[in-house]
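Architecture at a glance
What follows is each chain in one-letter form.
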Amino acid sequence: ANQPDAAIAWDSFAVNSDRSYAWTGPLADRATYYVFARLGAGGGWGPWSAAGRWFRVDTSATPSSPDRVKVSGHSLQQNSGPFLGLGATYMSALRFCRNDRNRLISDLDFLSSKKFNYIRILSMVSWSGMEILPSWPDYDQQLRDLLDLACARGMRTEITIFADAQIGMPSKAARQAHLDRILSIIKSPDAANPSGREHKVILLEVANEAWQNGFPDAQGIADLREFGQYLGARTTVPVALSSPSDTTDAGIVQMYAGSAADIATVHFSRECNVDGGWKPVYDCYRTALAGVPPVSSNEPIGPGSSVCSDTDPIRLVMAAAVAWTANLPMYVFHCRAGIQGIERFESQAAVSGYIHLSDILPGDLASWVRNDGKEASAPFTTYCNGQPNKYYPEVSGASTGVARHTGAAQSDEFVTLPIGVLSAGVELEARRPMVFDVYDPLTGTSVAKRGLGAGQHFTLAQGPRAYIIRGVFTDRRPVTEASVDLGDPDVSECLTL
């Protein structure tokens, strides 16, 4: 209705002041709604905004503009709404596009079938016998074809522009010319899109690990920032600079703070012998950095990765879920098959494990308000050997508990991720009344449904060693038969109380 207190279709409740937007819940199609907002501070709430602000939901409408990706808050947004960026390293894709088109198409078909929505490619590299060379006479056409082939399978492309630039393109003038060439290629029209191919590109990254690919030291960072600003002024495609050599918080801030980048591509820890191998999963949580754009986990540990490799499906799959929940909009599956293409993607551990995540997790999860699992806003108090708000790396000889239990919430909905569950399970206590499902990330199945009042406890068995918990706080939303299975004895008890 055209007044703020009547016929409410969706209520955002309070939205923290560090967010200038709120995603709505599901709304009926072919219907008109009115929207109202008010501001609150320590002294209370101000008046509602004026009447007459309306919008119409019509899912049959065809957007007049190409379906370009933009960064909205900490989420990726396309015409159909927000989505979770799930990419796969495919550095040799352009070489296969030119030399083995059937192999390329087979790989793209496979990755698409596993719900990857973008690939990360190199536009140049000087690997002996595996070169990708801008001097190819058909280079422009090959890159156009690659963008088209990926897009036809529902995937976009992240283009990492410079790799081995110190070998193949040492002068700044040549690099500038290559930037212009990439811009020209992605703006070139095809038969279906006279406005160009920018909607087929999810991200332009200036350089891969820039310090060892032609952009060393302070001058290298200055050049990256200059090139990032140049790209950002000439394309609607989101822009990143590179992963810094120093991936501490200070190193990320040094490269990205005050830059024109839309995304900060960071290569997180591959310390596989810390906390039972879970550090590479949770390391990305630390990057809530002032003045830095949203972060992509752009080249994490994976099967066959350098420094240290991991083939454990539950850790690799949960690394994506933890990244999105920690306000990172993008995660890249990084494996040996995607580096030089010697192996096939089908043979890589965990490559099929990500397929259920988009069915369990909301598309705008990266923009929810995150928590570290210990703060008061976290849905649960997590116990380790009977000690509240402790993770097992903090408790010597622990037999119960988890490595971490981070989460995120929006309005009355929440997601939490207990990872590294020990052999005797983990005890959780609800901080507020709630109902929730516990999902096995590798099967996508709900292994438990629970309803708890504030202060009630339950124990998760070790099971797959990590879970996705998705639920609703019931002190702000009525529980209905549509939201929980009333046959569950725990839920029935909660409702009786």
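Please refer to the structure placed before this passage.
Residues numbered from 1 in each chain as written. Predicted model: local features only at pLDDT ≥ 70, side-chain atom pairs only at ≥ 80, totals over all residues. Heavy atoms only, no water.

**As for the packing of helix α5 (residues 172-187) against helix α6 (residues 217-232)**
For the pair α5 and α6, interaxial distance at closest approach is 11 Å and the crossing angle is 30°. The pairing of α5 with α6 is recorded here as roughly parallel in orientation. α6 is crossed by α5, and the crossing has right-handed handedness. Packed against α5, whose contacting residues are Lys172, Arg175, Gln176, Leu179, Asp180 and Leu183, the element α6 presents Asp223, Glu226, Phe227, Tyr230 and Leu231 at the interface. Its residues assigned to classes, the contact of α5 with α6 comprises five nonpolar, one polar and five charged. (Axes fitted to C-alpha atoms, helices over the stretch in contact; angles between N-to-C directions. Helix = DSSP H or I, 4+ residues; strand = E, 2+ residues; numbered from the N terminus. Parallel < 35°, antiparallel > 145°, perpendicular 65-115°, else oblique. Left-handed = near helix turned anticlockwise from the far one by under 90°. Contact = heavy atoms within 4.5 Å. Nonpolar A, V, L, I, M, F, W, Y, C, P; charged D, E, K, R; others polar.)

**Considerations on the pairing of strand β24 (residues 457-460)**
Remember that side chains alternate between the two faces of the sheet whenever the strand is regular. Side chains Phe458 and Leu460 project from β24 onto a buried face, and the interleaved His457 and Thr459 project onto a face without burial. Bridging between strand β21 (residues 426-430) and β24 involves four bridges; their strand directions are antiparallel. Its bridge partner being in β24, Val426 is matched across the sheet by Leu460. (Buried < 20%, exposed > 50% of the residue type's maximum accessible area, 1.4 Å probe, protein only. Pairing = 2+ DSSP bridges.)

**Focus: unusual backbone geometry**
A positive phi angle, near 60°, is found at Asp217, a position not held by glycine. Relative to the helices and strands, Asp217 resides in helix α6. Asp217 sits in the exposed class, given a relative accessible area of 64%. Backbone geometry at Val307 places phi at a positive 70°, although glycine is not the residue there. On the secondary structure map, Val307 appears in the loop between β14 (295-297) and α9 (313-325).

**As for the side chain of Lys200**
Among the secondary structure elements, Lys200 is positioned in the loop between α5 and β11 (201-207). Residue Lys200 is classed as buried on the basis of its relative accessible area of 6%. Within polar-contact distance, the side chain of Lys200 engages the side chain of Asp148 at 2.6 Å. Ignoring anything within four residues of it in the chain, the contact list for Lys200 reads Leu147, Asp148, Cys151, Arg156, Thr157, Asp190 and Asn193. (Polar contact = N/O pair within 3.5 Å; in protein donor to acceptor, adjacent residues only side chain to side chain.)

**Quick notes on the pairing of strand β22 (residues 434-439)**
By the criterion of burial, β22 is predominantly enclosed, with six of the six residues buried. As defined by bridge partners, β22 adjoins strand β23 (residues 446-452) across six bridges and the pair is classed as antiparallel. Bridged to Asp437 within β23 is Lys449. Connecting the antiparallel pair β22 and β23 is a turn made up of six residues, with Gly444 showing a positive phi of about 75°. In this structure, β22 lies alongside strand β25 (residues 468-473), joined through six bridges in antiparallel fashion. Bridged to Phe436 within β25 is Gly471.

**Overview of the packing of aromatic side chains**
In this structure the tally under the stated criterion is 16 aromatic pairs. Aromatic side chains Tyr90 and Phe96 sit 6.3 Å apart centroid to centroid with 45° between the ring planes, which places their arrangement in the tilted category. Centroid distance Phe215 to Phe227: 6.2 Å. Interplanar angle 85°. Geometry classified as edge-to-face. Of this pair, Phe215 sits in the loop between β11 and α6 while Phe227 sits in helix α6, placing them twelve residues apart in sequence. According to the relative accessible area criterion, Phe215 is buried, its value standing at 3%. Above the ring of Phe215, the side-chain terminus of Arg175 is found at 4.7 Å from the ring centroid. (Phe/Tyr/Trp six-rings, centres within 6.5 Å; stacked < 30°, edge-to-face > 60°. Lys NZ or Arg CZ within 6 Å of the ring centre and 35° of its normal.)

**Details of the nonpolar core**
Grouped together as the largest cluster of nonpolar side chains are 118 residues, with contacts concentrated most on Leu111, Phe162, Trp278, Met318 and Tyr354. Filtering out sequence-adjacent residues up to four positions away, Leu111 remains in contact with Ala88, Tyr90, Phe116, Ile119, Met155, Phe345 and Val351. Core analysis: the next-biggest nonpolar cluster, separate from the first, contains 19 residues, Phe436, Val438, Leu460 and Ile469 among them. (Core = buried A, V, L, I, M, F, W, Y, C linked by side-chain atoms within 4.5 Å.)

**Digging into the sheet that holds β23**
Judged by pairing direction, the sheet is antiparallel, and its six strands sit side by side in the order β16-β19-β20-β25-β22-β23 without closing on themselves. Among the strands making up the open sheet, the edge pair consists of β16 (369-371) and β23. Adjacent strand axes in the sheet meet at a mean angle of 20° when their direction is disregarded. The pairing of strand β19 (residues 404-410) with strand β20 (residues 413-419) spans seven bridges and is classified as antiparallel. Residue Ala408 lies in a different strand from β20, and its bridge partner there is Val415. Of the strands in this sheet, β16, β19, β20 and β25 are in contact with α9, which crosses β20 at around 140°.

**Overview of the state of the cysteines**
Scanning all chains against the criterion turns up one disulfide. A sulfur-sulfur separation of 1.7 Å characterises the disulfide bridge that pairs Cys272 with Cys308. With the S-S dihedral at roughly 75°, the linkage between Cys272 and Cys308 falls on the right-handed side. Note that Cys272 is positioned in the loop between β13 (264-266) and α8 (279-282) and Cys308 in the loop between β14 and α9, a separation of 36 residues in sequence. (Disulfide = S-S within 2.5 Å.)

**Considerations on the pattern of salt bridges**
In this structure the tally under the stated criterion is 32 salt bridges. When the shortest N-O distance is used, the salt bridge between Asp138 and Arg98 registers 2.8 Å. Here the residue Asp138 occupies a position in the loop between β9 (118-122) and α3 (139-152), and Arg98 occupies one in helix α1 (residues 93-99), the gap between them amounting to 40 residues. Take Arg98: its relative accessible area is 31%, and that puts it in the partly exposed class. Linking Glu205 and Arg120 is a salt bridge whose minimum nitrogen-to-oxygen distance equals 3.1 Å. Residue Glu205 is found in strand β11, and its partner Arg120 is found in strand β9; the two are separated by 85 residues along the sequence. Among the charged side chains, a salt-bridge network with shared partners connects Arg120, Glu158, Glu205, Arg270 and Glu299. (Salt bridge = Lys/Arg side-chain N within 4 Å of Asp/Glu carboxyl O.)

Interpretation note: all reported values are geometric properties and have no functional meaning in isolation.
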